[in-house]
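# Commentary on secondary and tertiary structure
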Amino acid sequence: MTAIEKKIIIENVDMLSLLGINDNNLKLIEDKLNASIVVRGENVVVKGVLEEVELVEKILKEMVYVLNTSGTLRKTDVEAILDLSLNGKEILSEKEIDSIVLYTKNDAIKAKTPGQINYLQTSLKNDICFAIGPAGTGKTYLAVALAVSALKKGNISKIVLARPAVEAGESLGFLPGDFREKIDPYLRPLYDALDDMMPSDKLKGYLEKGIIEIVPLAYMRGRTLNNAFVILDEAQNATAAQMKMFLTRLGLNSKAIITGDITQIDLPSKSVSGLIEAKDILKNIEGVGFVSFDKSDVVRHRLVKDIINAYEKFRNGDSPDNSKHE
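Owing to the predicted nature of the structure, the values given are computational and were not obtained by experimental measurement. (Residues numbered from 1 in each chain as written. Predicted model: local features only at pLDDT ≥ 70, side-chain atom pairs only at ≥ 80, totals over all residues. Heavy atoms only, no water.)

### Digging into the sheet that holds strand E6 (residues 128-132)
- The strand order across the open sheet built from 6 strands is E8-E7-E9-E10-E6-E11, with neighbouring strands paired in parallel fashion. One side of each edge strand has no neighbouring strand; the edge strands of this open sheet are strand E8 (212-216) and strand E11 (288-292). On average, each strand axis in the sheet is inclined to that of its neighbour by 15 degrees, with strand direction left out of account.
- In the sheet, strand E7 (residues 158-163) pairs with E8 via 5 bridges, with the strands oriented parallel. From the neighbouring strand, arginine 163 faces E8, where its bridge partner is proline 216. (Pairing = 2+ DSSP bridges. Helix = DSSP H or I, 4+ residues; strand = E, 2+ residues; numbered from the N terminus. Axes fitted to C-alpha atoms, helices over the stretch in contact; angles between N-to-C directions.)

Shown next as structure tokens:
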């Protein structure tokens, strides 16, 4: 195949941070690809077959993006970008770059479905975003990723994650153990999401310093949260009074995401879901955005969509068709 040469101009970035000490980041790329890369100031000249030259250009763009958004570019970041590209996992176009929420030590967390892309755009555009839809659509995971990204960029100084502990009546007093042991079962999904997104020692330090808080919704009362990213998960189980209480905690330079599934309400029958009420009351307020997910946005195991479909049919009075399994 015929070799080509392409000049790529890298602007508005610290080249030492991009290329690494002694060009170590550049050497990682050259070790994986046959293309030759020569750097002269802000100009990068790449020689090789067309496919590899284009691949190098996209890898460099991703490296620039990581450096500009997080302020650092580690060896593990470059290795993750290389692994993604060499395994054919969605090399980023300009549009795909805009869908990235957070880079982790293993991968890039990005909006994958049309619903998730709308979610990302709505949450970035509004100070309060409601995300409503079925399980498995990434509502909570992406909300936590957005919060961690904001913390990494220095846009906020604190993350607060809250969930109603409906099964424990929010009092939690009758459960065995200390405070942490009482609430852990209800907040575990939030810990799991955070654990995917940052090293365990850093997460532990943030929790100990109160930079990241994970609390039952009832413990939010009486607080004002400035410079914070606040998430209310499983909000369908918040009462109307609790929802108003949560929303009015928001202080200066703060953002909030509220997630929930209105088909999974565990409140007593006479209680009104604060999520349903808020959807009606706040729909016309500027700065408050609403995103609705459906089963097409499910990104869990392929069976999750089938399970959601089966339950929808059952609720609608349709008999499930099990003939194909007989």
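### A few points about the environment of leucine 50
- Take leucine 50: it is sitting in helix H3 (residues 50-70).
- In this structure the C-alpha to C-alpha distance between leucine 50 and threonine 2, which are 48 residues apart in sequence, comes to 8.0 Å.

### Quick notes on the packing of aromatic side chains
- By the definition in use, this model includes 2 aromatic pairs.
- Where tyrosine 119 meets phenylalanine 293, the ring centres are 5.3 Å apart and the plane angle is 90 degrees; that geometry is what we call edge-to-face. You can see tyrosine 119 sitting in helix H6 (residues 114-125) and its partner phenylalanine 293 sitting in the loop between E11 and helix H12 (302-315), a full 174 residues away along the chain.
- Arranged with centres 4.7 Å apart and planes meeting at 10 degrees, the rings of phenylalanine 130 and phenylalanine 290 form a pair that is stacked. Residue phenylalanine 130 is located in strand E6, and its partner phenylalanine 290 is located in strand E11; the two are separated by 160 residues in the primary sequence. (Phe/Tyr/Trp six-rings, centres within 6.5 Å; stacked < 30°, edge-to-face > 60°.)

### Looking at unusual backbone geometry
- For asparagine 22, which is not glycine, the phi dihedral falls at a positive 55 degrees.
- Structurally, asparagine 22 can be placed in the loop between helix H1 (15-19) and helix H2 (24-32).
- Overall, the relative accessible area of 59% leaves asparagine 22 in the exposed class.
- Of note in the backbone geometry, aspartate 23 takes a positive phi value of approximately 60 degrees without being a glycine.
- With respect to the helices and strands, the residue aspartate 23 is situated in the loop between H1 and H2.
- Overall, the relative accessible area of 34% leaves aspartate 23 in the partly exposed class. (Buried < 20%, exposed > 50% of the residue type's maximum accessible area, 1.4 Å probe, protein only.)

### A look at the confidence of the model for the chain
- For the chain, per-residue confidence averages 83 on the pLDDT scale, and residues scoring 70 or more make up 83% of the total.
- When pLDDT is averaged over each helix and strand of the chain, the minimum, 55, is found for helix H5 (residues 94-97) and the maximum, 97, for strand E9 (residues 228-232).
- Low pLDDT (under 50) marks residues 322-326, which in the prediction has 0 contacts with non-local residues, meaning those over four places away or in another chain. (pLDDT = per-residue confidence, 0-100. Contact = heavy atoms within 4.5 Å.)

### Focus on the pattern of salt bridges
- A full pass over the atoms with the stated rule returns 8 salt bridges.
- Here lysine 75 ties to glutamate 79 by a salt bridge, and the two come within 3.9 Å at their closest N and O atoms. Residue lysine 75 and its partner glutamate 79 are located together in helix H4 (residues 75-86), separated by 4 residues, close to a single helical turn.
- Note on lysine 75: relative accessible area 51%, which makes it exposed. (Salt bridge = Lys/Arg side-chain N within 4 Å of Asp/Glu carboxyl O.)

### Thoughts on the pairing of E7
- Burial within E7 is extensive, with 6 of its 6 residues counted as buried.
- Of the two faces of E7, the one lined by Lys158, Val160 and Ala162 and the one lined by Ile159, Leu161 and Arg163 are each fully buried.
- Sheet analysis places E7 next to E9, joined by 5 bridges and oriented parallel. Directly across from alanine 162, in E9, lies its bridge partner leucine 232.

### A few points about the sheet that holds strand E2 (residues 36-40)
- The sheet built from 3 strands is open, its strands ordered E1-E3-E2 with antiparallel pairing. Each having just a single partner strand, strand E1 (3-9) and E2 make up the two edges of the open sheet. The average angle at which neighbouring strand axes cross in this sheet is 20 degrees, direction not considered.

### Here we look at the side chain of serine 123
- By the element assignment, serine 123 lies in helix H6.
- Side-chain polar atoms of serine 123 contact the backbone oxygen of leucine 120, separated by 2.9 Å.
- Not counting residues within four places of it along the chain, the set of residues in contact with serine 123 comprises Cys129, Leu146, Lys255 and Ile257. (Polar contact = N/O pair within 3.5 Å; in protein donor to acceptor, adjacent residues only side chain to side chain.)

### Remarks on the nonpolar core
- Counting 35 residues, the largest nonpolar core has Tyr119 and Val144 as its most contacted members.
- The set of elements that each furnish at least two residues to this core consists of strand E4 (100-103), H6, E6, helix H7 (139-153), E7, helix H8 (179-197), E8 and E9.
- Here valine 144 is in contact with Leu161, Leu190, Ala193, Leu194, Met197 and Ile231, once residues within four sequence places are set aside.
- Core analysis: the second largest hydrophobic core is formed by 31 residues, Leu26, Leu33, Val56 and Val66 among them. (Core = buried A, V, L, I, M, F, W, Y, C linked by side-chain atoms within 4.5 Å.)

### Considering the environment of methionine 243
- Within the secondary structure, methionine 243 is located in helix H10 (residues 240-247).
- Once the C-alpha coordinates of methionine 243 and alanine 278 are considered, the two residues, 35 residues apart in sequence, prove to be 7.6 Å apart.
- For methionine 243, the contacting residues outside a window of four places in its chain are Phe130, Leu232, Ala235, Ala238, Ile258, Gly274, Leu275 and Ala278.

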